[in-house]
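What follows is each chain in one-letter form.
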Amino acid sequence: MPTRKNPVALITGITGQDGSYLAEWLLAKGYAVHGIVRRVAMESPEVRLLRIAHLLPRLQLHAASLESYPSLFRVVSEIRPDECYHLAAQSFVSYSFEDEFSTLNTNINGTHYLLSAIKNAAPDCRFYFAGSSEMFGKARQVPQTELTPFHPRSAYGISKVAGYDLTRNYREAYGLFACAGILFNHESPRRGLEFVTRKISAAVGRICAGRQKNLHLGNLEARRDWGHARDYVQAMWMMLQQTQPDDFVVATGATHSVREFAELAFAAAGLDYRDYVSSDPEFYRPAEVDLLLGDAGKAHRVLGWRMECSFDQLVREMVEHDLQQARAQSRFEAADSAPSIPLYKKAS
Ligand code: GDD
């Protein structure tokens with residue numbers, strides 16, 4: 001455990017869903033929180049930093065790239081973190097079928113460079129690697145535990161298995177305090193719009209606001225173990241507070257189909273999903289992961305981790321957020337299109 005009064009944490013992927021919740025959690029615990037962000041000229045900072053906009057005055061951001069060992073080494077040497085949370089990745093499974101090469105390069109080399117930078121510049125830093133239930137892929141056991149063999153079904157899953165092995169090897173070979181969380185799907189209103197849960201909740205919001213007519217999804221029968229990201233980042237932190245580094249499954253222990261998620265989300269807005277949702281082959285994956293269900297028994301026993309948000313609460317929170325967002329968008333556009341100067345002068 002860090003002994004400094006204000007321990008220093010470094011987060012890669014701080015602008016994402018998990019990074020933003022983790023930054024909030026660490027700031028509340030008195031950490032000095034640093035984040036690594038890419039220098040991307042194309043994306044406007046308002047959009048990229050949206051999830052951490054409310055935290056910006058309290059964060060220290062550093063420009064670096066997972067593709068550049070020197071840039072990671074520079075940041076790690078400069079700030080000498082007590083804890084490093086490696087969350088950044090190309091994390092959209094579907095995209096990894098379109099471009100396997102960039103997914104493998106970023107996710108494997110990025111993890112390797114960061115581990116090596118820590119080993120060379122801050123060997124006492126505790127390291128968290130964001131593993132994934134996608135590593136189980138065509139799962140050989142149900143439910144999946146830390147001992148279930150991996151059978152990834154995408155370049156993304158393969159890259160996460162490699163990152164997991166690198167993490168374990170830096171622990172065993174170089175004595176780094178390095179842990180991997182095998183996190184099952186975790187969602188929230190901050191989830192990216194490309195992921196199925198947010199695609200559904202955003203569509204519900206837009207349909208209710210009259211901004212969208214229907215929703216095309218892929219495989220409605222795929223089953224996932226969905227929890228709330230806010231609960232899951234706490235498990236990441238707990239792993240780094242133990243006396244021994246280890247790996248942990250983090251999951252709810254319940255599984256639901258995409259169809260069930262859609263049914264519940266539309267019902268939360270008083271709609272019947274069957275009137276809006278269709279299954280479109282365009283969104284099917286070349287190799288699907290049909291069923292994921294995690295057993296977080298070890299995280300419960302060793303870390304004392306508990307989830308607070310139920311599946312129903314998660315769906316409702318996402319839908320409520322997106323209903324408000326779609327209404328606000330409609331109001332904004334209506335106000336924007338209203339003439340600011342009256343078109344006709346009143347007859348005096
Ligand atoms: N994205 C998407 N869009 N998925 C769809 C759709 C659709 O229109 N229709 C059905 N699905 C199915 C996918 O085929 C998959 O079986 C399931 O919904 C979930 O897809 P995603 O939400 O894209 O998440 P994921 O399970 O592939 O991966 C997420 O969770 C992993 C943890 O297990 C990502 O967050 C990964 O980065 C993470 O590691």
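Residues numbered from 1 in each chain as written. Predicted model: local features only at pLDDT ≥ 70, side-chain atom pairs only at ≥ 80, totals over all residues. Heavy atoms only, no water.

Enquirer: Can you lay out the nonpolar core for me, pointing to particular residues and giving the numbers?
Expert: Judged by nonpolar contacts, the single largest core of 37 residues is most densely connected at Ile11, Leu26, Val33, Tyr85, Tyr128 and Trp305. Elements that contribute at least two residues to this core include exactly β1 (8-12), α1 (17-28), β2 (32-37), β5 (126-132), β6 (178-183), α8 (229-239), β11 (248-250) and α10 (297-303). Ranked by the residues each element gives to this core, the list is headed by α8, at eight residues. Look past the residues within four positions of Leu26 in its chain and what remains in contact with it is Ala9, Ile11, Tyr31, Val33, Tyr85 and Trp237. If you look at the next biggest cluster of nonpolar residues, it comprises 34 residues, including Leu115, Ala117, Ala180 and Leu292. (Core = buried A, V, L, I, M, F, W, Y, C linked by side-chain atoms within 4.5 Å. Buried < 20%, exposed > 50% of the residue type's maximum accessible area, 1.4 Å probe, protein only. Helix = DSSP H or I, 4+ residues; strand = E, 2+ residues; numbered from the N terminus. Contact = heavy atoms within 4.5 Å.)

Enquirer: A description of the packing of helix α5 (residues 100-121) against helix α6 (residues 155-174) should follow, citing residues and the corresponding values.
Expert: It is at 9 Å that the axes of α5 and α6 come closest, and there the two elements cross at 15 degrees. Relative to α6, the element α5 lies roughly parallel. The element α5 and its partner α6 pack so that their crossing is right-handed. Counted together, Glu100, Thr103, Leu104, Asn107, Ile108, Thr111, His112, Leu115, Ser116 and Lys119 of α5 and Ala155, Tyr156, Ile158, Ser159, Ala162, Gly163, Leu166, Thr167, Tyr170 and Tyr174 of α6 form the full contact between these two elements. By residue class, the composition of the contact of α5 with α6 is 10 nonpolar, eight polar and two charged. (Axes fitted to C-alpha atoms, helices over the stretch in contact; angles between N-to-C directions. Parallel < 35°, antiparallel > 145°, perpendicular 65-115°, else oblique. Left-handed = near helix turned anticlockwise from the far one by under 90°. Nonpolar A, V, L, I, M, F, W, Y, C, P; charged D, E, K, R; others polar.)

Enquirer: Which residues make up the confidence of the model for the protein, and what values do they have?
Expert: The predicted coordinates should not be examined in detail at positions where pLDDT is low. Summing up the model confidence of the protein, the mean pLDDT is 94 and the portion of residues at 70 or higher is 95%. Contacts for the low-pLDDT stretch residues 340-348, under 50 throughout, to residues beyond four places or in other chains number zero contacts. (pLDDT = per-residue confidence, 0-100.)

Enquirer: Could you give an account of unusual backbone geometry, with specific residues and numbers?
Expert: Of the consecutive residues Val142 and Pro143, the connecting peptide bond is found in the cis state with omega at -5 degrees. The residue Pro143 is located in the loop between β5 and α6 in this model.

Enquirer: Give a description of the sheet that holds β11 that names residues and reports values.
Expert: Pairing within the open sheet is parallel, and its seven strands lie in the order β3-β2-β1-β4-β5-β6-β11. Where the open sheet ends on each side, the last strands, each with one partner, are β3 (59-63) and β11. Here the average twist between neighbouring strands, direction ignored, is 25 degrees. By the bridge criterion, six bridges tie β5 to β6 in an arrangement that is parallel. In the strand pairing of β6, Gly131 is matched with Ile182. Across the sheet, α1 is in contact with β1, β2, β3 and β4 (83-86); its angle to β1 comes to roughly 175 degrees. Relative to β5, α6 is tilted by about 155 degrees, and along the sheet it contacts β5 and β6. (Pairing = 2+ DSSP bridges.)

Enquirer: Summarise the pairing of β1; cite the residues concerned and give the values.
Expert: Among the five residues of β1, five are classified as buried, and the element is accordingly described as predominantly covered. Judged by which residues are buried, β1 turns out to be covered on both faces: Val8, Leu10 and Thr12 on one side and Ala9 and Ile11 on the other are all buried. The sheet contact formed by β1 and β2 spans five bridges and is parallel. Among the inter-strand pairings, Leu10 is bridged to a residue of β2, identified as His34. Considered for its hand, the β-α-β crossover made up of β1, α1 and β2 is right-handed. One ladder, built from four bridges, connects β1 with β4; its direction is parallel. Across the sheet, residue Ala9 finds its bridge partner in β4, namely Glu83. (Right-handed = clockwise from strand over helix to strand, strands pointing away.)

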